[in-house]
Protein chains: 2
Amino acid sequence: MQFTLEDITADEIDRRRGVYGPLTDSVRDLIDAVIRTEVDAADIDVARRRIDEVVADLRSRQIDGSYGVRFNTDAVGMPWGNAVMGVRNAIAPPVRTVADREGVTAEFTLGAAYEGPAHHVHGGVCAMVLDQVLGEAAAADDIPCFTGTITVTYRRPTPLGALSARAEIVDRDGRKKIVRGTLSDADGVTAEAEGVFIVPKNWSGPSNLK
Amino acid sequence: MQFTLEDITADEIDRRRGVYGPLTDSVRDLIDAVIRTEVDAADIDVARRRIDEVVADLRSRQIDGSYGVRFNTDAVGMPWGNAVMGVRNAIAPPVRTVADREGVTAEFTLGAAYEGPAHHVHGGVCAMVLDQVLGEAAAADDIPCFTGTITVTYRRPTPLGALSARAEIVDRDGRKKIVRGTLSDADGVTAEAEGVFIVPKNWSGPSNLK
């Protein structure tokens, strides 16, 4: 997998986060409004043309292709295009984890844009979020790995709203790390996941990529 | 699970699709542009304010909460808030399946907004798409069911771009349907999935929900 190095300071990263974060939040708000609006067809058409104008302005200068995974020379990561936690990706809820000694935890809200069954989170979105959280738990020991297999077991429908996820490495077997995690609402676990993460064959030393 | 009935004709559904589809496509375009733009901070700020104005206009009349899963009285479905295939949901790529005698197939494109590893599809997005496609294959026999478990095995990284997915019911065991599927690029399978789908205990007859 490729990484892009950008020779910028931590302060510059913070400045950029302050520029792109609010724009992305506004687009998240727009996604929700487009699902829920009841304005009439003429107003929808006006909205569409105004969005197209914004798109044209933003595209007047843009990178080729996708954002990639970027780091600065101090190994501070900027996975800002990431579909689950990217600062510049309005598809991302975003889900951001906090690490502790045993694993990682995330608290987040899934609104109308993450619906599958009526008023409940899409089962595929549950799987997507769990994949990210298990992957971060797997990488928390600083030994790089990729996802081999993930199994998600649905205990009951997950309601839209405030949710949390938790994951920990529970076992190791050669180049495999076994990671377990849960997705929960206020009443407890709604889905469980187990992932097998594989350390690359050619890996031979610590990673400094945070 | 709840469904909402709307007493509208197939023509009215088509008309609404023609109103909301282009708006949603424009928001998809915006999501991509926000990830990739290189315009300066002042222009980003202008874009954000213009988007906020569109949001305010759209929200001047809107439904409470999420879209739900709607049908008309002829049982034509409008799962338009769905996170993977919804006509009004810009998070949805969208992935739309075509049914044949044995199962369902979908062809779709995943761009910058679905990135995980640099220039590759997020593993969680692969799982999300496979969950939807397996779920549609499971429901293709018109016997309602919900997802019990899904296992995704990653064969190799999935590149961003044109992809396809395929799923079929491969076995039945009491109230369980076993469904298998694949995600592929032009060079072949990148990920495989197996799902166990459960028919509700109280189900006792054909469903007419298409």
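Residues numbered from 1 in each chain as written. Chains lettered and ligands numbered in written order. Predicted model: local features only at pLDDT ≥ 70, side-chain atom pairs only at ≥ 80, totals over all residues. Heavy atoms only, no water.

Just so we agree on the cut-off: UniProt positions are given in the numbering used here, feature names are shortened, and annotations may be inferred rather than shown by experiment.
As recorded in an unreviewed UniProt entry, chain A goes by Acyl-coenzyme A thioesterase THEM4 and comes from Gordonia desulfuricans. As its UniProt record puts it under Sequence similarities (unreviewed entry), chain A is described as follows: "Belongs to the THEM4/THEM5 thioesterase family."

### Quick word on the overall build of chain A
So the rule is basically this: Only runs of H or I of at least four residues qualify as helices and only runs of E of at least two qualify as strands under DSSP, and these elements are numbered from the N terminus. Throughout this description, buried means an accessible area under 20% of the type-specific maximum (1.4 Å probe, protein chains only), exposed means over 50%, and partly exposed covers the range between. What makes two residues a contact is simply this: any of their non-hydrogen atoms within 4.5 Å. Note on areas: Shrake-Rupley, 1.4 Å probe, and residue coverage restricted to the protein chains presented here. Under the convention used here, Asp and Glu are negative, Lys and Arg are positive, and both His and the chain ends fall outside the count. A single reference atom marks each charge: NZ on Lys, CZ on Arg, CG on Asp, CD on Glu.
Each helix and strand counted, chain A has 3 helices and 9 strands in total. If you line up chain A on its principal axes, its C-alpha atoms span 60 × 45 × 25 Å. Counting all 210 residues of chain A, 51% fall into the buried class. Residue pairs at least 24 apart in sequence account for 61% of intrachain contacts in chain A once pairs closer than 6 positions are excluded. When the accessible area of chain A is evaluated, it comes to approximately 9,300 Å², of which 49% is carbon and sulfur surface. Side chains of chain A carry 24 positive and 32 negative charges; the gap between the two charge centres is 5 Å.

### What to know about the relation of the copies chain B and chain A
Stated formally: Superposing the copies works by least squares over the C-alpha atoms of residues that have pLDDT at least 70 in both of them.
For the pair chain B and chain A, the superposition axis carries a translation of 0.0 Å, the fit reaches an RMSD of 0.0 Å, and the rotation angle comes to 180°. What we have between these two chains is a two-fold relation. The position closest to the rotation axis in chain B is occupied by the C-alpha of B:Thr151, lying 2.0 Å away.

### A word on the pattern of salt bridges
Inclusion rule: Whenever a carboxyl oxygen of Asp or Glu lies within 4 Å of a side-chain nitrogen of Lys or Arg, that contact is scored as a salt bridge.
Evaluation of the coordinates by the stated rule reveals 40 salt bridges over all chains. Between B:Asp141 and B:Lys177 there is a salt bridge, and its shortest N-O distance comes to 2.7 Å. Of this pair, B:Asp141 sits in the loop between helix H3 (123-139) and strand E6 (146-154) while B:Lys177 sits in strand E8 (residues 176-185), placing them 36 residues apart in sequence. Taking the relative accessible area as the measure of exposure, B:Lys177 reaches 1% and is therefore buried. A salt bridge links B:Arg155 to B:Glu192; the nearest nitrogen and oxygen atoms lie 3.0 Å apart. Taken together, the residues span a long stretch of sequence, with B:Arg155 in the loop between E6 and strand E7 (161-173) and B:Glu192 in strand E9 (residues 188-198) at a distance of 37 residues. Here the salt bridges share partners, and the residues they tie into one network are A:Glu6, A:Glu12, A:Arg15, A:Arg16 and A:Arg70.

### Regarding the packing of helix H3 (residues 123-139) of chain A against H3(B)
Counted only if it meets this: Every angle, taken between N-to-C directions, lies between 0 and 180 degrees, and every axis is a line fitted to C-alpha atoms, over only the stretch in contact when it is a helix. An angle below 35 degrees is read as roughly parallel, one above 145 as roughly antiparallel, one from 65 to 115 as roughly perpendicular, and any other as oblique. Take the far helix as your reference; a near helix turned counterclockwise from it by less than a right angle gives a left-handed crossing, and one turned clockwise gives a right-handed crossing.
Closest axis-to-axis distance for the H3(A)/H3(B) pair is 8 Å, and the angle between their directions is 160°. When the axis of H3(A) is compared with that of H3(B), the two are roughly antiparallel. Between H3(A) and H3(B) the crossing geometry is right-handed. Contact with H3(A), carried on its side by A:Gly123, A:Gly124, A:Val125, A:Ala127, A:Met128 and A:Asp131, involves B:Gly123, B:Gly124, B:Val125, B:Ala127, B:Met128 and B:Asp131 of H3(B) and no other residues of that element.

### Some words on the nonpolar core
Put simply, the rule is: The nonpolar core is taken to be a set of buried Ala, Val, Leu, Ile, Met, Phe, Trp, Tyr and Cys residues, with the residues joined through side-chain atoms within 4.5 Å.
Within the largest apolar cluster, 114 residues are counted, with the highest numbers of intra-cluster contacts made by A:Leu30, A:Ile31, B:Leu30 and B:Ile31. Excluding residues within four positions of it along the chain, B:Ile31 makes contact with A:Val27, A:Ile31, A:Asn89, A:Ala90, A:Ile91, B:Ala90 and B:Ala113.

### Quick notes on the interface of chain B and chain A
Quick note on the threshold: Once two parts are put together, the accessible area they lose, assessed with a 1.4 Å probe and summed over both, is termed the buried area. Pairing between strands is defined by DSSP: at least two bridges between them are needed.
Contacts between chain B and chain A engage 80 residues on the former and 80 residues on the latter. For the pair chain B and chain A, the summed buried surface comes to about 7,500 Å²; carbon and sulfur atoms form 61% of the total. The interface formed by chain B and chain A contains 8 salt bridges. The closest approach of N and O atoms between A:Asp29 and B:Arg59, which form a salt bridge, is 2.5 Å. Broken down by secondary-structure element, the contributors of at least two residues to the side of chain B that touches chain A are helix H1 (10-36), helix H2 (41-58), H3 and E6 of chain B. Counting residues per element, the side of chain B that touches chain A draws most heavily on H1(B), at 16 residues. With 5 bridges joining them, strand E6 (residues 146-154) of chain A and E6(B) adopt antiparallel strand pairing. Across the sheet, the residue bridging to A:Thr149 is B:Thr153, located in E6(B).

### So, the sheet that holds strand E2 (residues 70-72) of chain A
Residue and element names in this part refer to chain A. In space, the 3 strands of this open sheet follow the order E1-E2-E3, with mixed pairing throughout. At either end of the open sheet lies a strand with only one pairing partner, and these are strand E1 (4-6) and strand E3 (77-78). Relative to E2, E1 runs parallel, the two being bridged by 3 bridges. When the bridges of E2 are listed, threonine 4 appears paired with arginine 70.

### Observations concerning the environment of B:Lys201
Residue and element names in this part refer to chain B. Here lysine 201 lies in the segment after E9. The exposed category is assigned to lysine 201, whose relative accessible area is 72%. A sequence separation of 14 residues divides lysine 201 from aspartate 187, and the C-alpha atoms of the two residues are 42 Å apart.

### Remarks on the domain arrangement of chain A
Residue and element names in this part refer to chain A. We apply this condition: An automatic or database domain assignment supplies the start and end points of every domain.
You can read the domains of chain A as domain 1 (1-92) and domain 2 (95-198). Distance from the C-alpha centre of domain 1 to the C-alpha centre of domain 2: 24 Å. Of the residues lining the interface, 12 residues belong to domain 1; the matching set on domain 2 comes to 9 residues. For the pair domain 1 and domain 2, the summed buried surface comes to about 780 Å²; carbon and sulfur atoms form 57% of the total.

### Some details on the packing of aromatic side chains
Residues and elements named next belong to chain A. How we decide: Here a Phe, Tyr or Trp ring, Trp counted by its six-membered ring, pairs with any other such ring whose centre lies within 6.5 Å, and the pair is stacked when the planes are under 30 degrees apart, edge-to-face when over 60, and tilted otherwise.
Tallying each qualifying case throughout the model produces 2 aromatic pairs over all chains. Each ring, one from phenylalanine 3 and one from phenylalanine 71, has its centre 5.4 Å from the other, and the planes form 70°; the classification is edge-to-face. With phenylalanine 3 in the segment before E1 and phenylalanine 71 in strand E2, this residue pair connects regions lying 68 residues apart in the sequence. We classify phenylalanine 3 as partly exposed; its relative accessible area is 48%.

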